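In case you want the letters, here they are:
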Amino acid sequence: MTEGHFPAAGPAGLNTSVAHNARVWNYWIGGKDHYEVDQRVGEHVAGMFPVIRAVARADRDFLGRAVRFLAGERGIRQFLDVGTGLPTVDNTHEMAQRIAPESRIVYVDNDPIVLVHARSLLTSSPEGVTDYIDADVRDPEGIVQRAGDTLDLTRPVAVILLGILNFVLDTGEARDIVRRLMAAVPSGSHLVLTHPTYDGDVGGEGNVAAMEFWNANATPPITARGRAEIAGFLDGLEPVEPGLVPCSQWRPESAAAAPVPQFGAVARKP
């Protein structure tokens, strides 16, 4: 995105002088919804941690495989996508409604630029419903209450938390958010999760310095976690095979998929 896409002041609450995760992530996956400051920071982080672009693509591809699995094999018809980020090609509702046009999807984010694009781009099939909630992941009860206007919370829901818990710096708080969200949906619901790691066996060592730079030059602050901490988000749930793995290697289309320092999992609420 060039500055010309918005008036000089931008949408209300939009700060274009500081790089923001949603826009930098959009830059890494080849989108156009970003500013010069996002490109600069994105390039610097990529110079420090070159695998970040592969991480961004792998995370997006994982979303597609997870949604297609849940809609196609598990019969899920409701999706609560928290921290959706900027709309791009093959958003959650498009993939789900391609398989089941009656699917109902609620997106949640609190970034002003995401809000602007979501309202104009996140459309639905005639048989289904798509809605958008402007809310923070730290308010799970508020999210669930508003999502209940669109979703039937007596029926299974796929709760999607892709690359969002890493912005909740306190691990206990992050676990509590997952617990509260999953407590609000019935048996047969699923959690879809990705999270960056600093674990060396999947190439995560560089995340430490890259995130230090990010936290000094961009917003919001971020953290990586080890495999055991991330596995804790799945407590009380039944992981779908192959369990918690680099997201590039969760039911990959190619057996040769290389690991990335971003774990992914899909787990069922019993």
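This text gives an overview of the structure that appears in the document. Keep in mind it's a predicted model, so treat the numbers as computed, not measured.

### Section: the overall build of the chain
- Along the chain, the regular secondary structure elements total 9 helices and 10 strands.
- For the chain, the spread of C-alpha atoms along the principal axes amounts to about 45 × 45 × 35 Å.
- The buried share of the chain, taken over its 270 residues, is 55%.
- For the chain, long-range pairs separated by at least 24 residues make up 72% of all intrachain contacts whose partners lie at least 6 apart in sequence.
- About 11200 Å² of surface is accessible on the chain, with carbon and sulfur atoms providing 51% of the total.

### Notes on the pairing of strand 3 (residues 104-109)
- For strand 3, a buried count of 5 out of 6 residues is recorded, marking the element as mostly surrounded by other parts of the structure.
- Pairing of strand 2 (residues 78-82) with strand 3, which is carried by 5 bridges, proceeds in the parallel orientation. Opposite Leu 80, over in strand 3, you have Val 106 as the bridge partner.
- Following the chain from strand 2 across helix 4 (residues 92-99) to the adjacent parallel strand 3, one finds a crossover that is right-handed.
- Both strand 3 and strand 4 (residues 129-134) contribute to a ladder of 6 bridges, which runs parallel. Looking across to strand 4, one finds that Arg 104 is bridged to Val 129.

### Some details on unusual backbone geometry
- Pro 220 follows Thr 219 through a cis peptide bond whose omega is -10 degrees.
- By the element assignment, Pro 220 lies in the loop between strand 7 (218-219) and helix 9 (227-231).
- In the segment running from Glu 241 into Pro 242, the intervening peptide bond is cis, with an omega of 10 degrees.
- Along the chain, the position of Pro 242 falls in the loop between strand 8 (238-239) and strand 9 (245-246).

### Here we look at the packing of aromatic side chains
- Scanning the model with the defined rule gives 3 aromatic pairs in all.
- A centroid spacing of 6.0 Å and a plane angle of 70 degrees characterise the contact between Trp 25 and Trp 28, whose relative ring orientation is edge-to-face. Of this pair, Trp 25 and Trp 28 both sit in helix 1 (residues 21-28), 3 residues apart, which is roughly one turn of the helix.
- Note on Trp 28: relative accessible area 6%, which makes it buried.
- The interplanar angle of 80 degrees and the centroid separation of 5.6 Å between the aromatic rings of Phe 62 and Trp 250 together place this pair among those described as edge-to-face. Here Trp 250 lies in the loop between strand 9 and strand 10 (262-268) and Phe 62 lies in helix 3 (residues 52-72), a separation of 188 residues in the sequence. By the burial criterion, Phe 62 is buried, and Trp 250 matches it.
- These aromatic residues form a ring-pair network of at least three members: Phe 62, Phe 69 and Trp 250.
- In this structure, Arg 251 packs its charged tip against the face of Trp 250, placed 5.4 Å from the ring centre.

The rules behind each value
- Residues numbered from 1 in each chain as written.
- Predicted model: local features only at pLDDT ≥ 70, side-chain atom pairs only at ≥ 80, totals over all residues.
- Heavy atoms only, no water.
- Helix = DSSP H or I, 4+ residues; strand = E, 2+ residues; numbered from the N terminus.
- Buried < 20%, exposed > 50% of the residue type's maximum accessible area, 1.4 Å probe, protein only.
- Contact = heavy atoms within 4.5 Å.
- Areas by Shrake-Rupley, 256 points an atom, 1.4 Å probe, with all protein chains shown as cover.
- Pairing = 2+ DSSP bridges.
- Right-handed = clockwise from strand over helix to strand, strands pointing away.
- Phe/Tyr/Trp six-rings, centres within 6.5 Å; stacked < 30°, edge-to-face > 60°.
- Lys NZ or Arg CZ within 6 Å of the ring centre and 35° of its normal.

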